[in-house]
Amino acid sequence: MKLVFDEKLISRLLLAGSIGIVVTLVVALGFFFIRQDIEEYQSSLKSLEAAQLRQEQERLIDQVDTAKSYLTFMRSRTETVLKNTIREQVDEAYQLAETIYRREQGKRPDAEIKSLIVEALRNLRFFDGRGYFFIDGMDGTCILLPTAPEREGSSLLDNRDDTGHYIMRGLISAARLPEGDGFSRYRWYAPGDDKHMADKIAYVRLFKPFDWVIGTGEYVSNVEATLQRDALDRMSTFRFAHDGYVVILTENGTILTNPLAQNDQGKRISDLPDTERIISETILTKARQGDGFVSYNWRRPGGNEAIPKISFVSRMDDWGWVLVAGTYLDDIQKEAARHHSELDQKVRDKVTLTLAALALGVLASMFVCLFFATLLRRLIGGYKNDLNRQNDELRKATRDLFLVNFLVDHSAEMIFLTDQDWKLIYANTYVFESLGWSRGEMIGKPMTDFTTPQGDWTGMEYSRFEAHLRAKDGSLREVEIGSKELRYDGNLYHFAIARDITERKRWEIDLARKTTDLQRSNAELEAFAYVASHDLRQPLRMVSSFLTLLERRLEGTLDDEASEYLNFARDGAHRMDRLIIDLLEYSRVGRVNKGMTEVPLSDAMDDAMANLRLAISDNGATVTIPDDLPTVWGNSDELTRLLQNLIGNALKYRGEAAPVIKITCGQDASGWRFAVQDNGIGIAPEFHQKIFGLFQRLHSGDKYEGTGIGLAVCRKIIERHGGKLWVESDGGNGSTFLFTLPFLDDAQKAYQDDGTTP
Ligand code: ADP
């Protein structure tokens with residue numbers, strides 16, 4: 001299907017396109033903003049969650065730190081507790097020994113008192129039965145050693161522990177004066193283990209009466225174990241937040257305390273069910289690498305579902321313990337879920353808002369687009385009309401151009417178009433036809449290549465000159481060239497028309513020759529007429545004279561008939577004389593050239609009127625003459641003759657009524673125009689030309705005397721002065737003789753140029 005792009009389709013496309021763009025934009029923007037909101041919200045959610053997690057983690061670290069400081073405190077108390085405890089025991093034993101000594105002093109011998117004391121102390125036990133007292137002499141002799149009585153009496157001065165420390169010597173130096181008591185640290189076989197020694201602290205007091213050292217020792221580990229037990233008891237009740245607690249494991253995987261699973265206490269993690277074992281092992285591995293967090297899923301006590309949990313794992317190196325403080329993350333998750341639903345709601349709101357904006361945008365854009373589409377349709381309509389009109393004009397112009405082109409191309413004149421350097425751009429067909437050159441041979445070449453002499457084609461805006469165009473066969477065409485400059489689109493062109501004037505030239509030469517011949521024969525004829533008429537008057541005057549003489553001689557002898565014959569003869573001679581005078585005058589016009597001067601017509605008119613005065617008064621005629629007769633270029637005698645002849649005729653060819661003659665003068669662009677109007681007998685239209693001929697008369701001599709030469713003389717005078725003479729009359733109501741004369745300046749100029757009249 002072919003699409004026709006009319007204004008309707010364009011405005012529809014605009015409408016659809018604009019709505020499409022608005023929809024796309026709104027959807028894209030909506031999508032972009034919603035997406036941005038979601039991303040922002042999600043990131044804030046994440047940071048919130050992260051913050052909460054961090055908070056939880058900090059709390060866990062805090063709690064573990066608290067537990068650890070408690071345990072460290074407990075551990076730090078070990079020595080103090082131990083020392084206090086053993087000092088208390090030794091002090092009691094000392095009191096006992098002192099009491100016995102005081103009581104028995106002087107009553108029994110020292111040896112007996114010594115034995116009493118030794119035996120009194122021998123069976124005393126404390127620290128759950130593992131504690132006992134020993135007595136040594138300041139010299140290192142073993143006096144009482146309930147755990148190895150066989151060594152009593154022997155010197156233990158060189159007894160050393162596994163570090164090489166002299167145990168007895170340490171005890172003796174601790175009991176030395178001035179203090180007389182003190183603690184001594186050494187190592188001894190751990191209870192139930194006769195292979196490995198463990199740290200032990202002993203407290204000794206100097207029993208001065210016998211220079212004895214009374215003391216007791218305790219393994220540090222024992223006190224530590226007690227304290228650890230206390231600490232673990234305490235830790236099993238330790239809670240933080242609403243369900244936070246601390247689990248303590250040994251580094252090698254024994255569960256020391258688990259507040260929520262008391263049963264697991266003492267178990268090894270390897271005995272736990274698989275899931276818990278794996279997690280516990282992960283925790284232990286983490287602990288071995290250093291403090292840190294472990295995330296995993298763990299069931300809440302009493303619950304079935306495994307819940308995400310995070311624990312902080314920290315080692316307490318002194319005791320080889322691993323502290324695990326955990327918290328369930330379901331609260332954070334719940335919070336996150338709440339935020340998620342909030343986000344959902346927000347996104348829904350945003351989408352609704354976007355949809356509303358979309359609907360609003362589409363609606364608004366529809367209105368705007370409709371408006372613009374209508375506007376556009378109108379504009380396009382107008383534009384189309386303009387275009388159609390322009391097309392029509394263009395078509396017309398093209399047609400005109402084609403026709404003109406055709407006309408130019410087929411013109412019988414040679415037409416050239418050249419560039420500013422006179423190089424030929426175009427020549428019409430006639431050029432090639434008449435010169436014989438082909439188009440290719442001429443186009444692009446300078447015009448001067450085809451001209452002889454190489455005429456001046458340049459310089460003038462419009463120039464006219466004659467030249468010869470060179471044809472291909474070598475012949476020359478004489479042409480008259482008219483050239484004109486024209487500017488188009490900033491470029492200069494020359495347009496030239498060459499007219500072949502070969503024929504005309506020949507014709508002109510011919511004419512000139514004929515004219516010369518004619519002038520010569522005319523002159524000869526005029527000379528002949530003049531000579532003839534002049535010479536004819538001589539014999540005529542003789543005839544008239546002798547007729548007069550004859551009349552006088554025969555006066556009274558002639559009868560009537562003879563007198564009448566004589567009259568006829570004299571009248572004939574007179575008429576012939578008149579005819580000859582007129583003829584002489586006709587031939588004299590232009591011949592006796594008195595030269596042309598400025599002639600005030602009023603003067604000529606005055607002369608004519610003076611000559612006619614008698615005839616005017618005889619006829620009782622009225623002659624009206626304009627006041628402002630011009631001055632013209634001419635011969636004053638001839639102009640007087642002209643006026644005299646015309647006015648004379650108007651008087652002669654009068655009707656019944658007295659003659660009324662009106663002379664008027666006017667002018668138009670070409671010159672003066674005069675009229676001599678009468679109320680005489682008039683001239684029938686068929687004679688309007690004839691009357692200007694020589695000897696042409698419309699009436700017989702009886703009725704109107706005349707020779708038929710007067711008007712011929714008038715026409716000859718007028719033509720010599722560069723004017724025209726004619727008559728207007730309907731044949732009944734008088735006649736008007738009209739003649740023109742050039743303006744003085746024009747006539748003068750023409751006369752100066754070539755001695756002729758224009
Ligand atoms: P003519 O000597 O006969 O007057 P013209 O050459 O003056 O010779 O005139 C030629 C003829 O023109 C006249 O014979 C006459 O018939 C006619 N004609 C000339 N002027 C007038 C006029 N004003 N009214 C009527 N006829 C005229």
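Residues numbered from 1 in each chain as written. Predicted model: local features only at pLDDT ≥ 70, side-chain atom pairs only at ≥ 80, totals over all residues. Heavy atoms only, no water.

Draft legend 1. View of the site of the ligand. The immediate surroundings of the ligand are formed by 21 residues, with Lys-652, Tyr-653, Arg-697, His-699 and Thr-707 found nearest. In this structure, an oxygen atom belonging to the ligand sits 3.0 Å away from a main-chain N or O atom of Gly-708. A distance of 3.0 Å is found between an oxygen atom of the ligand and a backbone nitrogen or oxygen belonging to Leu-711. For the ligand, whose free accessible area comes to 530 Å², the fraction covered by protein is 98%. Elements with a minimum of two residues in the shell around the ligand: helix H12 (636-652) and helix H13 (710-720). Sorting elements by how many residues they give to the shell around the ligand places H12 first, with 3 residues. Within the shell around the ligand, the residues separate by chemical class into 9 nonpolar, 9 polar and 3 charged. (Near = heavy atom within 4 Å. Polar contact = N/O pair within 3.5 Å; in protein donor to acceptor, adjacent residues only side chain to side chain. Areas by Shrake-Rupley, 256 points an atom, 1.4 Å probe, with all protein chains shown as cover. Helix = DSSP H or I, 4+ residues; strand = E, 2+ residues; numbered from the N terminus. Nonpolar A, V, L, I, M, F, W, Y, C, P; charged D, E, K, R; others polar.)

Draft legend 2. Structural context of the sheet that holds strand S19 (residues 622-624). Reading across from one edge, S19-S21-S22-S24-S23 is the order of the 5 strands in this open sheet, with mixed pairing throughout. At either end of the open sheet lies a strand with only one pairing partner, and these are S19 and strand S23 (725-728). Across this sheet, the average inter-strand angle for adjacent strands is 20°, counted without regard to direction. Where S23 and strand S24 (residues 736-741) come together, 4 bridges link them in antiparallel fashion. The partner of Glu-728 across the bridge, within S24, is Thr-736. (Pairing = 2+ DSSP bridges. Axes fitted to C-alpha atoms, helices over the stretch in contact; angles between N-to-C directions.)

Draft legend 3. Geometry of the sheet that holds strand S5 (residues 212-219). In spatial order, the strands read S2-S1-S5-S4-S3; together these 5 strands make up an open sheet with antiparallel pairing. What marks the edges here is a single partner per strand, and that holds for strand S2 (142-144) and strand S3 (181-189). Ignoring which end each strand starts from, the neighbouring axes of this sheet average 35° apart. The sheet contact formed by strand S1 (residues 133-137) and S5 spans 5 bridges and is antiparallel. Pairing of Phe-133 across the sheet is with Thr-216, part of S5. Against the sheet, helix H3 (residues 167-175) engages S1, S3, strand S4 (197-207) and S5, with an angle of about 165° to S3. (Contact = heavy atoms within 4.5 Å.)

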